[in-house]
Amino acid sequence: MNFSNNVIPETLFTYYTFSCFMCNFDDIIDALDVEYAANDKWKMLQKPFTFDLYQGEPQPGGAHFPKVYFYIPKVSSCCVMFSNYADGLATMAYWMSIKMQCQCYNFRITNVGTPYSFNSFEYINSGECVRTAYAMQNPRWVFYSKGDIQWFEDETLYVNRLTKLRLNSTILTKYCLRLGFNITSPDFWESRKSVLLERIKW
């Protein structure tokens, strides 16, 4: 597998997750230090971000140790969280949003045509879920949303007769672009600063 970052996730994975925090990277590192530095079950090291946490798609938690990158993209001022858990380590994302008292956007994206798809986003503010929406196939398509529609959304899409077209990878990519997260550019997936946090024993 090519771990270079001259690519974007949709060319490597059938499904992937990530979170974007609207806060200072160094403050995140300070929070991680306080929480994990003295815990011998975890280790944290400075390491450039690469797509080396899984192949195909991340697996559900419980059977493997969590690993997660925090990094500043080359072309954005947000802080990105990219993990090896299928839920994107959502609990950690909420915890960090509380610690930083910041806005956070969680995305789960499945490539078009992938069986049992799940596409979603969450907008969190200081640990509170303000808005969530998803479309999933298991085995029938279901669409769900809660909270006030946000400025970056296109609410006309949510009444599409075909449920799978109400929220998919193309739509989520457009939402990311409107938010200033250019996930179509390899530069977004190249880090200026980066750390890897991983659990090393139960």
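Visitor: Talk me through the pairing of strand E7 (residues 128–137); I want residue IDs and the actual numbers.
Guide: Bridge count for strand E6 (residues 118–125) against E7 is 8 bridges, and the pairing is antiparallel. Looking at the pairing, Ser120 lines up with Tyr134 of E7. Linking E6 back to E7 in an antiparallel pair, the connection comprises 2 residues, with Ser126 at a positive phi of about 55 degrees. Bridge count for E7 against strand E8 (residues 141–147) is 7 bridges, and the pairing is antiparallel. Directly across from Ala135, in E8, lies its bridge partner Phe143. The loop that links E7 with its antiparallel partner E8 comprises 3 residues.

Visitor: Give a description of the environment of Tyr54 that names residues and reports values.
Guide: Its location among the elements puts Tyr54 in the loop between strand E2 (42–46) and strand E3 (67–73). Separated by 41 residues in the primary sequence, Tyr54 and Phe13 place their C-alpha atoms 8.9 Å from one another.

Visitor: Run through the packing of aromatic side chains, naming residues and quoting values.
Guide: Counted by the stated rule, this structure contains 31 aromatic pairs. Ring plane angle 80 degrees and centroid distance 5.2 Å describe the contact between Phe49 and Phe51, whose orientation is recorded as edge-to-face. Each member of the pair, Phe49 as well as Phe51, is classed as buried. Ring geometry for Phe118 against Tyr134: centres 5.4 Å apart, planes inclined by 25 degrees, an arrangement best described as stacked. Note that Phe118 is positioned in strand E6 and Tyr134 in strand E7, a separation of 16 residues in sequence. With relative accessibility at 23%, the residue Tyr134 sits in the partly exposed group.

Each value, and the rule that gives it
Residues numbered from 1 in each chain as written. Predicted model: local features only at pLDDT ≥ 70, side-chain atom pairs only at ≥ 80, totals over all residues. Heavy atoms only, no water. Pairing = 2+ DSSP bridges. Helix = DSSP H or I, 4+ residues; strand = E, 2+ residues; numbered from the N terminus. Phe/Tyr/Trp six-rings, centres within 6.5 Å; stacked < 30°, edge-to-face > 60°. Buried < 20%, exposed > 50% of the residue type's maximum accessible area, 1.4 Å probe, protein only.

In short, shape yes, function no, at least from these values alone.
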